[in-house]
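Each chain is listed here by its residues.
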Amino acid sequence: MSTNVTNLLYLITVVTFILALRFLSNPAHARRGNQIGAAGMVLAVVVTWIRAGSASWWAIALAMVVGGGSGAVAARRVKMTAMPQMVALFNGVGGGAAAVVSLAELHRLLPQPGAPEVDISVSIALSALIGAISFAGSLVAFAKLQELIGGRPLTYRGQQLANGLVFLAAVTAGVALVAGVQDEWLLWALCGAALLFGVLFVLPIGGADMPVVISLLNAFTGLAVAAGGFELENTILIVAGMLVGASGTLLTLMMARAMNRSVASVLFGAFGKVQQGASSGRTVDGSVRPTTVDDVAILLAYAQKVAIVPGYGMAVAQAQHDVRGLADLLEQRGTEVTYAIHPVAGRMPGHMNVLLAEANVPYPALKEMEEANVEFRRTDVSLVIGANDVVNPDARANPGSPIYGMPILDVDRSGTVVVLKRSMSPGFAGVDNPLFVGPNTMMLFGDAKQSVAGLAAAVKTL
Amino acid sequence: MAHTTLLVSEVTVLVLAIFLGFEVISKVPTLLHTPLMSGTNAIHGIVIVGAILVLAQPDKNAFMWIVGLAAVTLASANVVGGFVVTDRMLEMFKKRKGGAAEGTEEGAA
């Protein structure tokens, strides 16, 4: 196969990728788009393999079966609630692959006569740097979301300085490599420093901000792959990598905007540090009113209008089907039930939409934030299921709160608020929530799934 | 000279891809942002092309064997996992299409 034919076939792959992203603008076509993209990927693999020749074909096949097989099994088995960390993991291995490819490329180029072209060595250094940061950062993000390590931000004095020095070390190694120091160990040192930086840079970021970080790391991997395209002089890597780099950057900005925070404050603000200057002494005072399943059931059964506000707690408890069941029962009794969806409820934007879609909740019942907020004043009961920060009135009223300024769902304006929660522990961001002690708030403690199932059973008997 | 020409066309393509990347996702609704992240995640699995090129080189020494195998394994996990996860997410959106509303009413009846 000639280079031209290869490149034309690669062009088809690129078109399928663009279509895959285009089709995502409509839920009805999105899945087909993804399948088209997957077909394009298969084409690129086949073309590359034919072009590369039959050397070590069995090793390539074996590695694909092992890697692809474990990827497929993991992706099939993972629960919908664990999707964010799964995406982080797959993103990490992609970044790792880009870094490893540049190690191999340098190893291949160095013994050749003459120094590598500057643009090639720059690309090798960049691809290794960004790929390794993405790899290590994604694994930390995975570990945080999977709760292998604490989700709370880890901070210490001089943290930013330490991070800066590690990053500087990685860059210095890269510059030396580009300047013509032909030593493979430099790239290893670069990778080592970049891995360390990836870990250090994600560790201080709180779990609530992880979606933004994963999106950013996703863009990073795209950039690493694009740099890999320059190093291998392979256009498809450049185009596909940069598509992801650009769209991932835009998505990151959009997500940060939805939380009313800048990307810089997400990355360097160590959000959710429990102490926040003057506000540190301020704890929520007032008393919590616990309630029972039966009381809430009566409240719900005789309400005109009920708003369900899902959050990560609903996802963890896998309560979406029970929530749908409860909503159906209430609707049979003539109650109007809507779902108020905060754009960053859960751990990823659209997380709640995916879960409620799984439970076949009809589209029109899902209200986005602006629409939902208009309706809370005439809502009798707001049922907050495992949401915390996205309903925290401090975001509106307390300038000392770390989430001040974030748009929230104004559930506190509805007649009664019932909060389903496992315990009184603060949310993932580690911020106090005065909603829980509000005059019209009742707390229903327990596992969300059991509580909702209990509510449904109780409503049935009324 | 040929190298510079190639570099210029590569940079051209890169810059166009940046604009295309911005353009193509600006129309994606918020509710599809999670699948979007996951879908782009699958697309950067294209690094598998580079990985195959490494492992398919003849006369590899032990080092090249190790990095080649690692690269293809990691990249394959990225590709397959990325597309499968995205498919699972999007499957849920598709199910409701075409008679979602009627389905609900039947369920309630």
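Residues numbered from 1 in each chain as written. Chains lettered and ligands numbered in written order. Predicted model: local features only at pLDDT ≥ 70, side-chain atom pairs only at ≥ 80, totals over all residues.

Details of the overall build of chain A
Regarding its fold elements, chain A presents 17 helices and six strands. The C-alpha radius of gyration computed for chain A amounts to 25 Å, which stays within 12% of the reference 23 Å derived for 462 residues, consistent with globular compactness. With respect to the principal axes defined by its C-alpha atoms, chain A has extents near 85 × 50 × 35 Å. Counting the 462 residues in chain A, one finds 55% classified as buried. Sequence-distant contacts in chain A: of pairs separated by 6 or more residues, those separated by 24 or more amount to 80%. (Helix = DSSP H or I, 4+ residues; strand = E, 2+ residues; numbered from the N terminus. Rg over C-alpha atoms; globule rule 2.2 N^0.38 Å. Buried ≥ 20, exposed ≤ 12 C-beta atoms within 10 Å, placed from the backbone. Contact = placed C-beta atoms within 7 Å.)

A word on the overall build of chain B
When helices and strands are counted, chain B shows five helices and zero strands. In chain B, buried positions account for 57% of the 109 residues. Considering only contacts in chain B between residues 6 or more positions apart, those separated by 24 or more positions represent 63%.

A look at the interface of chain A and chain B
Each partner contributes residues to the interface: chain A has 96 residues there, and chain B has 83 residues. Mapped onto the side of chain A that touches chain B, the elements with two or more residues apiece are helix H1 (3-23), helix H2 (27-52), helix H3 (57-77), helix H4 (83-109), helix H8 (210-232), helix H9 (235-258), helix H13 (320-332) and helix H14 (351-358) of chain A. Within the side of chain A that touches chain B, the residues separate by chemical class into 57 nonpolar, 30 polar and nine charged. (Nonpolar A, V, L, I, M, F, W, Y, C, P; charged D, E, K, R; others polar.)

Remarks on the sheet that holds strand S3 (residues 366-368) of chain A
All names here are of chain A. The strand order across the open sheet formed by six strands is S3-S2-S1-S4-S5-S6, and the pairing between neighbours is parallel. The open sheet has two edge strands, S3 and strand S6 (441-445), and neither has a second partner. Strand-to-strand twist across the sheet, computed as the mean angle between neighbouring axes with direction ignored, equals 25°. The pairing of strand S5 (residues 416-421) with S6 spans five bridges and is parallel. Bridging from a neighbouring strand, Val 419 pairs with Met 443 of S6. Those strands touched by H13 are strand S1 (305-310), strand S2 (336-341) and strand S4 (381-385), and its axis lies near 175° from that of S1. (Pairing = 2+ DSSP bridges. Axes fitted to C-alpha atoms, helices over the stretch in contact; angles between N-to-C directions.)

Here we look at the environment of A:Met442
Residues and elements named next belong to chain A. Here Met 442 is to be found in strand S6. Taking the C-beta count within 10 Å as the criterion, Met 442 has 19 such neighbours and is therefore assigned partly exposed. It is 12 Å that separates the C-alpha atoms of Met 442 and Met 424, two residues lying 18 residues apart in sequence. If sequence neighbours within four positions are ignored, Met 442 has contacts with Arg 289, Thr 291, Thr 416 and Val 418.

Some details on unusual backbone geometry
A positive phi angle, close to 60°, is found at A:Glu147, a residue other than glycine. Mapped onto the fold, A:Glu147 is located in the loop between helix H5 (118-145) and helix H6 (159-178).

Re the confidence of the model for chain B
All names here are of chain B. Confidence in the prediction of chain B, expressed as mean pLDDT, is 83, and 84% of residues score 70 or more. Helix H3 (residues 47-55) holds the highest mean pLDDT among the elements of chain B, 96, whereas helix H5 (residues 100-108) holds the lowest, 36. Long-range and interchain partners of residues 96-109, a stretch whose pLDDT sits below 50, account for twelve contacts in this model, where long-range means more than four residues apart. If you check the scores for this complex, the pTM reads 0.78 and the ipTM reads 0.87. (pLDDT = per-residue confidence, 0-100.)

Focus: the pairing of S5(A)
All names here are of chain A. With respect to burial, S5 is a largely interior element, five of its six residues being buried. Note: S4 against S5, five bridges, orientation parallel. Its bridge partner lying in S5, Ser 382 is registered against Val 417.

Points about the nonpolar core
With 196 residues, the main nonpolar core has A:Ile385 and B:Ala71 as its most contacted residues. Of all the elements, helix H4 (residues 62-96) of chain B adds the most residues to this core, at 17 residues. With near-sequence residues (within four places) excluded, B:Ala71 lies in contact with A:Ala97, A:Val100, A:Val101, A:Ala104, B:Ala51, B:Val54 and B:Leu55. (Core = buried A, V, L, I, M, F, W, Y, C linked by C-beta atoms within 7 Å.)

Considerations on H13(A)
The terminal C-alpha atoms of H13(A) lie 18 Å apart, and with 13 residues this matches the ideal 18 Å at 1.5 Å per residue to within 8%. Those residues of H13(A) not exposed but buried are A:Gln320, A:Asp322, A:Val323, A:Arg324, A:Gly325, A:Leu326, A:Ala327, A:Leu329 and A:Leu330. (Expected span 1.5 Å × (residues − 1).)

Notes on the packing of H4(A) against H3(B)
Packed helix pairs are specified by the crossing angle of their axes together with the interaxial distance, meaning the distance between the axes. Their axes nearest at 9 Å, the elements H4(A) and H3(B) cross at an angle of 35°. Every pair of crossing elements has a handedness; the one defined by H4(A) and H3(B) is left-handed. Packed against H4(A), whose contacting residues are A:Gly94, A:Ala97, A:Ala98, A:Val101 and A:Ala104, the element H3(B) presents B:Val47, B:Gly50, B:Ala51 and B:Val54 at the interface. Taken together, the residues of the contact of H4(A) with H3(B) break down into seven nonpolar, two polar and no charged. (Left-handed = near helix turned anticlockwise from the far one by under 90°.)

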